[in-house]
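Secondary and tertiary structure notes
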Amino acid sequence: MHLKTFCALVAVALALSACNKSQSPAEVQQDVAKAEAEGQRKVADAKADAQKDVADADQKVAKAIADHDEDAVAAKAHDANETADESKSKIVIAQAEADHKVAVAKCEALEGSAQRDCKDRADRTLDQAKQSAKTNP
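Overview of the structure. Owing to the predicted nature of the structure, the values given are computational and were not obtained by experimental measurement.

Take the pattern of salt bridges next. For the structure shown, the criterion picks out 7 salt bridges. Ionic pairing is found between Asp45 and Arg41, a salt bridge with its closest N-O pair at 3.7 Å. Of the two residues, Asp45 and Arg41 are both situated in helix α2 (residues 25–66); the distance of 4 residues between them amounts to about one turn of the helix. Accessibility expressed as a relative area gives 46% for Arg41, which makes it partly exposed. Among the salt bridges present, the one from Glu97 reaches Lys130, with a minimum N-O distance of 3.4 Å. Pair noted here: Glu97 is in helix α3 (residues 70–107) and Lys130 is in helix α4 (residues 112–135), with a separation of 33 residues, a long-range link. Of the residues examined, Glu97 reaches a relative accessible area of 36% and is grouped as partly exposed. Taking the relative accessible area as the measure of exposure, Lys130 reaches 26% and is therefore partly exposed.

Pasting the structure below:
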């Protein structure tokens, strides 16, 4: 009975230690390059979406102006400003997430608690960037 428990504990310990093993520099470099490329694509997508959303909102303002509807102009202008702010936040968040993926990939070069600490710092930085983007559009 004790042997089974001991074997199970050893298996768990080995599994956990494997999670914090460092990767080779070549693997890290490959993962970082992949994360950077994916991040650039996601940021570009966020920028394109934002540009479309802002253009749509501006078009609604222009239509209200053309219709000489002052109330609608004010409302659509307010909506356009909110859309612009939301779009900026989405871009900032996309960039923060891209930076996070790169940072985590770089952490893979470390071992043990250093790797864990590195990933924790990256997570905190991402959380702070997201919070800042939501409060300061």
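From this point, things continue past the structure.
End to end, α2 covers 60 Å across 42 residues, agreeing with the expected 62 Å (1.5 Å per residue, within 8%). If you check which residues of α2 are buried, you get Val28, Val32, Ala35, Gly39, Val43, Ala46, Ala50, Ala57, Val61 and Ala64. On its buried side, α2 packs onto α3. Following α2 by one or two positions, His68 has its phi on the positive side, about 55°.

Right, let's get into the packing of α2 against α3. The N-to-C vectors of α2 and α3 enclose an angle of 180°; their axes lie 8 Å apart at closest approach. It follows from the interaxial angle that α2 and α3 lie roughly antiparallel. Here the contact of α2 with α3 is built from residues that sort into 21 nonpolar, 4 polar and 12 charged.

The N-to-C vectors of α3 and α4 enclose an angle of 175°; their axes lie 9 Å apart at closest approach. Overall, the two elements α3 and α4 adopt an arrangement that is roughly antiparallel. Across from Ser89, Val92, Ile93, Ala96, Glu97, His100, Ala103, Val104 and Cys107 in α3, the residues of α4 making contact are Gln115, Cys118, Lys119, Ala122, Asp123, Leu126, Ala129, Lys130 and Ala133. For the contact of α3 with α4, a count of residues per class yields 11 nonpolar, 3 polar and 4 charged.

What counts and what doesn't
Residues numbered from 1 in each chain as written. Predicted model: local features only at pLDDT ≥ 70, side-chain atom pairs only at ≥ 80, totals over all residues. Heavy atoms only, no water. Salt bridge = Lys/Arg side-chain N within 4 Å of Asp/Glu carboxyl O. Helix = DSSP H or I, 4+ residues; strand = E, 2+ residues; numbered from the N terminus. Buried < 20%, exposed > 50% of the residue type's maximum accessible area, 1.4 Å probe, protein only. Expected span 1.5 Å × (residues − 1). Contact = heavy atoms within 4.5 Å. Axes fitted to C-alpha atoms, helices over the stretch in contact; angles between N-to-C directions. Parallel < 35°, antiparallel > 145°, perpendicular 65-115°, else oblique. Nonpolar A, V, L, I, M, F, W, Y, C, P; charged D, E, K, R; others polar.

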